[in-house]
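Inside the fold
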Amino acid sequence: MSFTWRYLVRPDGSFSRMGNVDGSLTDEELARLRPEREDEEPSARPCSRCGTDLLLYWHGPLGTGVWMELCAACDGHRPAARAFIRWHRDTDHDPKALPRLFEDWETETMHAHGWARTEQPQASPSPPAPGSLTPRGHG
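The rules behind the values
- Residues numbered from 1 in each chain as written.
- Predicted model: local features only at pLDDT ≥ 70, side-chain atom pairs only at ≥ 80, totals over all residues.
- Heavy atoms only, no water.
- Helix = DSSP H or I, 4+ residues; strand = E, 2+ residues; numbered from the N terminus.
- Areas by Shrake-Rupley, 256 points an atom, 1.4 Å probe, with all protein chains shown as cover.
- Expected span 1.5 Å × (residues − 1).
- Buried < 20%, exposed > 50% of the residue type's maximum accessible area, 1.4 Å probe, protein only.
- Phe/Tyr/Trp six-rings, centres within 6.5 Å; stacked < 30°, edge-to-face > 60°.
- Polar contact = N/O pair within 3.5 Å; in protein donor to acceptor, adjacent residues only side chain to side chain.
- Axes fitted to C-alpha atoms, helices over the stretch in contact; angles between N-to-C directions.
- Left-handed = near helix turned anticlockwise from the far one by under 90°.
- Contact = heavy atoms within 4.5 Å.

1. Side note on the overall build of the chain
Looking only at helices and strands, one finds 4 helices and 4 strands in the chain. Element-wise, carbon and sulfur atoms account for 54% of the exposed surface of the chain, whose accessible area totals about 10300 Å².

This is the structure in structure tokens:
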């Protein structure tokens, strides 16, 4: 079983990130899970560092307690943040670029808070079941 993040990008550049086990959900199914609502306006949130409106604010990885902010004024000097800002402002942005941009920005931001991303260990294959435990077929 594999777990991947799937990104649902809306025409205005806003997006949702959802877990997708075994890649089983299509983009259409993801859109139905998180439909757009007429009354759902993205609230402007001020940057905690300079007070201007943020382009994006996001909770850091579970258990870290980090609140990540993407501010064009404060983060434009950081390479991953600068690339994400350009993507966000581009009216013709490519939704396929979002996963990599988001992961790079998340890694860069978490590194600034003292965290480092490590490679996920690969699970070793389980040994085959002993012959005495294998059910016999009828044939």
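2. Some points on helix α4 (residues 98-112)
Over its 15 residues, α4 runs 21 Å from end to end, which matches the ideal 21 Å to within 8%, given 1.5 Å per residue. Of all the residues in α4, the buried ones are Leu-98, Leu-101, Phe-102, Trp-105, Glu-106, Glu-108, Thr-109 and Met-110. At the exit of α4 stands Gly-114, carrying a positive phi of roughly 95°.

3. Examining the packing of aromatic side chains
Here the structure, examined in full by the defined rule, presents 6 aromatic pairs. Measuring from ring centre to ring centre gives 5.0 Å for Trp-58 and Phe-102, while their planes differ by 65°; the resulting arrangement is edge-to-face. Placement of Trp-58 in strand β3 (residues 56-59) and of Phe-102 in helix α4 is noted, with a sequence separation of 44 residues between them. Accessibility expressed as a relative area gives 17% for Trp-58, which makes it buried.

4. With respect to the environment of His-77
Note that His-77 resides in the loop between α2 (72-75) and α3 (79-89). A distance of 3.2 Å separates the side chain of His-77 from the backbone oxygen of Cys-74, its partner in a polar contact.

5. Points about the packing of α3 against α4
Where α3 contacts α4, the axes come no closer than 8 Å and their chain directions differ by 145°. Regarding α3 and α4, the two cross each other, and that crossing is left-handed. On α4, the residues that touch Pro-79, Ala-80, Ala-81, Ala-83, Phe-84 and Trp-87 of α3 are Leu-98, Leu-101, Phe-102, Asp-104, Trp-105 and Glu-108.

Read these as spatial facts, not as claims about activity.
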